[in-house]
Amino acid sequence: MSDPSTSEQTEHTLHPLKKIEIIVRGEKEPFVRDLLDESNISGYTIHHNVTGRGEHGFHEGRLLFNDRDSLVMFFAVGQEESIQTIVDGLTPLFEQSSGVMFVSDTSVVRLDKFLKED
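The structure displayed is predicted, hence computed values, not measured ones. (Residues numbered from 1 in each chain as written. Predicted model: local features only at pLDDT ≥ 70, side-chain atom pairs only at ≥ 80, totals over all residues. Heavy atoms only, no water.)

Here we look at the sheet that holds strand E1 (residues 15–25)
Pairing between the strands of a sheet comes from backbone hydrogen bonds, and it takes one of two forms, parallel or antiparallel. The four strands lie next to each other as E2-E5-E1-E6, forming an open sheet whose pairing is antiparallel. Across the chains shown, the open sheet's two edge strands, defined by having one partner strand only, are strand E2 (45–50) and strand E6 (100–108). Averaged over all pairs of adjacent strands, the angle between their axes in this sheet comes to 20°, without regard to strand direction. Where E1 meets E6, nine bridges bridge the pair, whose relative direction is antiparallel. Along E6, the bridge assignment pairs Leu17 with Thr106. Across the sheet, helix H1 (residues 29–38) touches E1, E2 and strand E5 (71–78), and the angle it forms with E5 is around 10°. (Pairing = 2+ DSSP bridges. Helix = DSSP H or I, 4+ residues; strand = E, 2+ residues; numbered from the N terminus. Axes fitted to C-alpha atoms, helices over the stretch in contact; angles between N-to-C directions. Contact = heavy atoms within 4.5 Å.)

Written as structure tokens, this is what we have:
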């Protein structure tokens, strides 16, 4: 029986990119969405009703009749220059309101899915 973690043969190539994860209050969703739409990334994912605990205490995931007070998480992958543009665009938001962003190295197999066509 072979160990899959030691296999040197692969059909896929990993391409390095940057990943950004952004968590903001629901009322800031349009701002972040506009920023991502205007950036040079090919797409993003939004998770609504995120639950967690941070500097401002515990946040419930689902609030009846008030989606604007819940937390929203954005997830995007792109080239470093594009992610840096997003970080620069978010900095004024985080200077005035709560929220966090995480940027990390990641790898993708299908690079063409993450490059925006001009």
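What to know about the pairing of E5
Buried residues dominate E5, accounting for seven of its eight residues. For E1 and E5, the ladder comprises eight bridges, and the chain directions are antiparallel. Considered in E5, the bridge of Ile22 is made with Phe74. Where E2 lies against E5, five bridges are found, and the strand directions are antiparallel. Residue His47 lies in a different strand from E5, and its bridge partner there is Met73. (Buried < 20%, exposed > 50% of the residue type's maximum accessible area, 1.4 Å probe, protein only.)

Remarks on the nonpolar core
With 16 residues, the main nonpolar core has Ile20, Ile22, Val24, Val32, Phe74, Ile86 and Leu90 as its most contacted residues. Listed by contribution, the elements that provide at least two residues to this core are E1, H1, E5 and helix H2 (80–96). Of all the elements, H2 adds the most residues to this core, at six residues. In contact with Phe74, other than residues within four places in its own chain, are Ile20, Glu21, Ile22, Val24, Glu29, Val32, Arg33, Leu36, Tyr44, Thr45 and Ile46. (Core = buried A, V, L, I, M, F, W, Y, C linked by side-chain atoms within 4.5 Å.)

What about the pattern of salt bridges?
This model, assessed by the stated rule, comprises two salt bridges. Across the salt bridge formed by Arg33 and Glu29, the nearest N and O atoms sit 3.2 Å from each other. Placement of the pair is Arg33 and Glu29 together in helix H1, with a separation of four residues, close to one helical turn. For Arg33, a relative accessible area of 33% corresponds to the partly exposed category. Exposure remark for Glu29: the relative accessible area of 11% places this residue in the buried category. (Salt bridge = Lys/Arg side-chain N within 4 Å of Asp/Glu carboxyl O.)

Geometric values such as these leave the question of function open.
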